[in-house]
Amino acid sequence: MSEQPYEHQSENPSPHDHNDQKTLSQKNAASYWQANLRLLAKLLAIWFALSFGCGILLVDWLDQFTFFGFKLGFWIAQQGAIYVFVALIFIYAWRIQIIERQYGVDDDAEESSV
Amino acid sequence: MSTQLLTYLFVGASFALYIGIAIWSRAGSTKDFYVAGGGVHPVVNGMATAADWMSAASFISMAGIISFMGRDGSVYLLGWTGGYVLLALLLAPYLRKFGRFTVPDFIGERYYSKTARIVAVICLIFVSFTYVAGQMRGVGIVFSRFLEVEVETGVIIGMAVVFMYAVLGGMKGITYTQVAQYCVLIFAYMVPAIFISIMITGNPIPQLGFGSEVADGSGLSVLEKLDGLLSDLGFGNYTEGSKSTIDVFAITAALMFGTAGLPHVLVRFFTVPKVSDARKSAGYALAFIAILYTTAPAVASFARLNLVDTVHNTSYEQAPQWFSNWENTGLVGWQDKNNDGLMQYSAGTDNEVTIDRDIMVLANPEIADLPGWVIALVAAGGVAAALSTAAGLLLVISSSVSHDLLKQTLMPAITEKQELLFARIAAAVAVCIAGLFGIYPPAFVAQVVAFAFGLAAASLFPAILLGIFSKRVNKEGAIAGMLLGLVFTFSYIVYFKFVSPELNSAEHWWLGISPEGIGFIGMLLNIGVAFGVSRFYAPPPAEVQNLVDNIRIPSGAAIAQSH
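Residues numbered from 1 in each chain as written. Chains lettered and ligands numbered in written order. Predicted model: local features only at pLDDT ≥ 70, side-chain atom pairs only at ≥ 80, totals over all residues. Heavy atoms only, no water.

What to know about the overall build of chain A
Of regular secondary structure, chain A possesses three helices and two strands. Its helices and strands taken in sequence order, chain A reads α-α-β-β-α from the N to the C terminus. Scored against the burial criterion, the 114 residues of chain A give a buried share of 44%. If you sum the accessible surface of chain A, you get close to 6,400 Å²; carbon and sulfur atoms cover 61% of it. (Helix = DSSP H or I, 4+ residues; strand = E, 2+ residues; numbered from the N terminus. Buried < 20%, exposed > 50% of the residue type's maximum accessible area, 1.4 Å probe, protein only. Areas by Shrake-Rupley, 256 points an atom, 1.4 Å probe, with all protein chains shown as cover.)

This is the structure:
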């Protein structure tokens, strides 16, 4: 069974590759991917805590609090979580674009092909 | 003008609009047909995705289901919106970067295997046809009640319209008609919701209205009054659940992961120009969807309150007009068990009123006594919701047949022109099969909705996710995972729904998880097996690993597209 570290392959360019520029961009690509994974972990933690955490697992406990006339748990499950989902997607789109520019892998310069 | 005439007018005008758009946006190439040329603006694509996603189930059935399930209805609200977070963060941008035409395209190339591609096509066709059957039932209900034509005629008219823009225009025609359909359906959903919210609470915003006090001087909020009324009648409290927590968890998860794995939604993100657009587009899509999804629970509580108020202990002689309108369709019924001439509505055996939950949204404007044009608008909205989703589903079915089955597997020698012709033929055949489903609805339609989401969650979602986030999962692992997820979920649902329906209750379920939620377990098994099996076989070849490296980087999508 092979235990080669495939996930790190991009940091060890093949010996045939003499292009320094390429090596640099491969390094950038790997660091970009790590940064992306960290951002994803943060946002998905919020996604999980809100929907499965507050909306399902803790819903009965949260229902003891009142929020604008609603029981809090009920409100999160039927309203609040949905608003946060929308926000999470836009936050990701915004943050990841900053990270992309930082590592030079953004698609800002690309135009629609039409 | 009579309500019926108005309905003809509204539905007819909306059909004319869709056909006009279809003629204007005919597809000239396979790229037009499959991905609308790849140049759709993210906001436009978001709106089209919202219409694609919000089906007859969302428009017609969801509020009704919630109104009878109370807090347990949250599984649909959370599941069908939370899936978009996964879609936007984990799948859509990478599939866009991959930049081909279909979901099986990705699975076939990433797992360098025709078998994997075929397994994906089978999952896709099964999921999509299950879903289409439900749309056709929705079209049938709307036509039989509002236009008072035979269900057959209604379905044939609906099919003819879809045929026009799906077969002629492909993805390009579908995209622009879906934008129009979104506008029709959201307007049709919001107008009665706002009216009813004002009537019951005095607050014009339904999302706030259902937390406000009822405008009857009782000082109780809508939900408090509803809890009180329902527990008096022997139902559980509206704001408390009756399902077990583990089952609610599993159902929500199956719906979420299933949503993210539905091919007709995923393929919409192949149509935007670049990767960053795919992410934004998913955000717009969910924002457009959220308008309806945050209104639905409000409509649900208003509808239930209205229903109890107008029906319970009313004499049948004085039954409101809507009651007899819907009695004709057989979706509402009354049986005078104690011969007192009054309609008793309760949870016990003395209940005399039966109400199909599918009619709650459609009947709501009538229950609330709204003007005729609102009722006509709701009919047009229901048809728009059903047709837009049907068209999206028919497109992924036809493209998986013409592109994945014929061009990529069986007949690689065909030209682009021939492929386009096959795509149109496949779309036409799929339209006819869907029409048959609508005219002769298989008895199991309502029961197999769990299939579509469960199977998408257990088969397609993990294969795509692992294809992007792992370089080690190889074709053996992915195929084993997809097959196990598919067979396990399929067997569990078939066993409890068809083989032994009498055992379909919590004490017999595995881990207390209902067939609706089992797709979540299927997904976990799929992922576990994919990793496990992959370790025993060689890792994917270097060019596949390069492909994964490539799709992880956003830049270069517009160039990759012209392959």
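As for the interface of chain B and chain A
Contact with chain B, which involves 67 residues of that partner, is made by 55 residues of chain A. The contact between chain B and chain A buries some 5,100 Å² in all, and 66% of this surface belongs to carbon and sulfur atoms. Considering only the side of chain B, the residues that lose the most area to chain A are B:Arg71, B:Leu89 and B:Arg279, jointly responsible for 13% of the buried surface there. Between the two partners, chain B and chain A, sit two salt bridges. A:Glu100 serves as the salt-bridge partner of B:Arg279, at 2.3 Å between the closest nitrogen and oxygen. Where chain B packs against chain A, one counts seven residue pairs in polar contact (both at pLDDT 80 or more). (Contact = heavy atoms within 4.5 Å. Buried area = accessible area lost by both parts, 1.4 Å probe. Salt bridge = Lys/Arg side-chain N within 4 Å of Asp/Glu carboxyl O. Polar contact = N/O pair within 3.5 Å; in protein donor to acceptor, adjacent residues only side chain to side chain.)

Details of helix H3 (residues 42–53) of chain B
All names here are of chain B. Here H3 spans 16 Å end to end across twelve residues, near enough to the 16 Å set by a 1.5 Å rise per residue. Taking burial as the measure, the twelve residues of H3 include ten buried ones, the bulk of the element. Those residues of H3 not exposed but buried are Pro42, Asn45, Gly46, Met47, Ala48, Thr49, Ala50, Ala51, Asp52 and Trp53. (Expected span 1.5 Å × (residues − 1).)

Quick word on the environment of B:Ser276
As for its position among the elements, B:Ser276 is in helix H13 (residues 275–311). Classification of B:Ser276 as buried rests on a relative accessible area of 3%. On a C-alpha basis, the gap between B:Ser276 and B:Ser555 in space is 9.2 Å, while along the polypeptide they are 279 residues apart. In this structure, B:Ser276 is in contact with A:Gln97 and A:Asp107, ignoring residues within four places of it in sequence.

Brief notes about the nonpolar core
Ranked by internal contacts, the top residues of the largest apolar core, which has 228 residues, are A:Trp47, B:Trp53, B:Phe59, B:Leu91, B:Ile107 and B:Tyr293. Top element by residues in this core is helix H8 (residues 151–201) of chain B. It accounts for 21 residues. Leaving out residues up to four positions away in the same chain, B:Ile107 has contacts with B:Ala116, B:Ala120, B:Leu460, B:Ala463, B:Ile464 and B:Met482. (Core = buried A, V, L, I, M, F, W, Y, C linked by side-chain atoms within 4.5 Å.)

Some thoughts on the packing of aromatic side chains
A complete count under the given rule lists 33 aromatic pairs over all chains for this structure. Judged by centre distance (6.4 Å) and plane angle (40°), the ring pair of A:Trp75 and A:Tyr83 falls under tilted. Judged by its relative accessible area of 18%, A:Trp75 is buried. Owing to a relative accessible area of 38%, A:Tyr83 belongs among the partly exposed residues under this scheme. Here B:Tyr131 and B:Phe453 contribute two aromatic rings whose centre-to-centre distance is 5.8 Å and whose plane-to-plane angle is 55°, an arrangement assigned as tilted. A residue pair is termed long-range when its members are at least 10 positions apart, and B:Tyr131 in helix H7 (residues 114–147) and B:Phe453 in helix H18 (residues 449–469) qualify at 322 residues. When its relative accessible area of 3% is taken as the criterion, B:Phe453 is described as buried. Linked through ring pairs, A:Trp47, A:Phe48, A:Phe52, B:Phe249, B:Phe257, B:Phe461 and B:Phe520 together constitute an aromatic cluster. One residue, A:Arg95, lies across the ring of A:Trp94, its end atom 5.2 Å from the ring centre. (Phe/Tyr/Trp six-rings, centres within 6.5 Å; stacked < 30°, edge-to-face > 60°. Lys NZ or Arg CZ within 6 Å of the ring centre and 35° of its normal.)

Quick word on the packing of H3(B) against helix H16 (residues 372–410) of chain B
Helix-helix packing: each pair is described by the crossing angle between the helix axes and the interaxial distance. All names here are of chain B. Interaxial distance between H3 and H16 falls to 7 Å at its minimum, and their mutual angle equals 100°. Judged by the angle between their axes, H3 and H16 are roughly perpendicular. On H16, the residues touching Ala51, Asp52 and Trp53 of H3 are Ser388, Thr389 and Gly392. (Axes fitted to C-alpha atoms, helices over the stretch in contact; angles between N-to-C directions. Parallel < 35°, antiparallel > 145°, perpendicular 65-115°, else oblique.)

Section: the pattern of salt bridges
The final tally for this structure, using the stated rule, is four salt bridges over all chains. In this structure, A:Asp60 and B:Arg71 form a salt bridge, with 3.0 Å as the shortest nitrogen-oxygen distance. Here A:Asp60 is found in helix H2 (residues 59–62), whereas its partner B:Arg71 is found in the loop between helix H4 (56–69) and helix H5 (74–98) on a different chain. Among the residues examined, A:Asp60 registers a relative accessible area of 51% and is labelled exposed. Residue B:Arg71 is classed as buried on the basis of its relative accessible area, which comes to 11%.

Focus: the environment of B:Leu525
All names here are of chain B. Residue placement: Leu525 occurs in helix H20 (residues 518–534). Spatially, the C-alpha atom of Leu525 lies 8.1 Å from that of Ala458, the residues being 67 residues apart in sequence. When neighbours within four sequence positions are excluded, Leu525 is seen to be in contact with Leu484 and Phe488.

Re empty space enclosed by the protein
All names here are of chain B. Under the definition given, this model contains five cavities of 30 Å³ or more. There is about 70 Å³ of room inside the largest cavity. Forming the boundary of the largest cavity are Ala188, Tyr189, Pro192, Ala193, Ile196, Val299, Val361, Asn364 and Pro365. Only H8 and helix H15 (360–367) provide two or more residues apiece to the lining of the largest cavity. With five residues, H8 is the single largest residue contributor to the lining of the largest cavity. By residue class, the composition of the lining of the largest cavity is eight nonpolar, one polar and no charged. (1 Å grid on protein atoms, 1.4 Å probe; cavity = no way out; pocket = protein on both sides within 12 Å on 5 of 7 lines; lining within 4 Å. Points joined across faces, edges and corners; volume = space filled by probe spheres on them. Nonpolar A, V, L, I, M, F, W, Y, C, P; charged D, E, K, R; others polar.)

A few points about H4(B)
Residue and element names in this part refer to chain B. Across its 14 residues, H4 extends 19 Å between first and last C-alpha, which sits within 8% of the 20 Å expected from 1.5 Å per residue. In the structure, H4 departs most strongly from a straight axis at Met62, where the bend amounts to approximately 45°. Counted residue by residue, H4 has twelve buried out of 14 residues, so it is predominantly covered. Within H4, burial applies to Ala56, Ser58, Phe59, Ile60, Ser61, Met62, Ala63, Gly64, Ile65, Ile66, Ser67 and Met69. The positive-phi residue at the C-terminal boundary of H4 is Gly70, with phi of around 65°. (Bend = angle between axes of the 7 residues up to and from the residue.)

Some thoughts on the confidence of the model for chain B
Residue and element names in this part refer to chain B. Confidence in the prediction for chain B averages 82 pLDDT; 96% of positions are at 70 or higher. Segment residues 559–563: pLDDT under 50, and ten contacts once partners within four positions in sequence are set aside and those in other chains are kept. Across the whole predicted complex the pTM is 0.86, and at the interface the ipTM reaches 0.87. (pLDDT = per-residue confidence, 0-100.)

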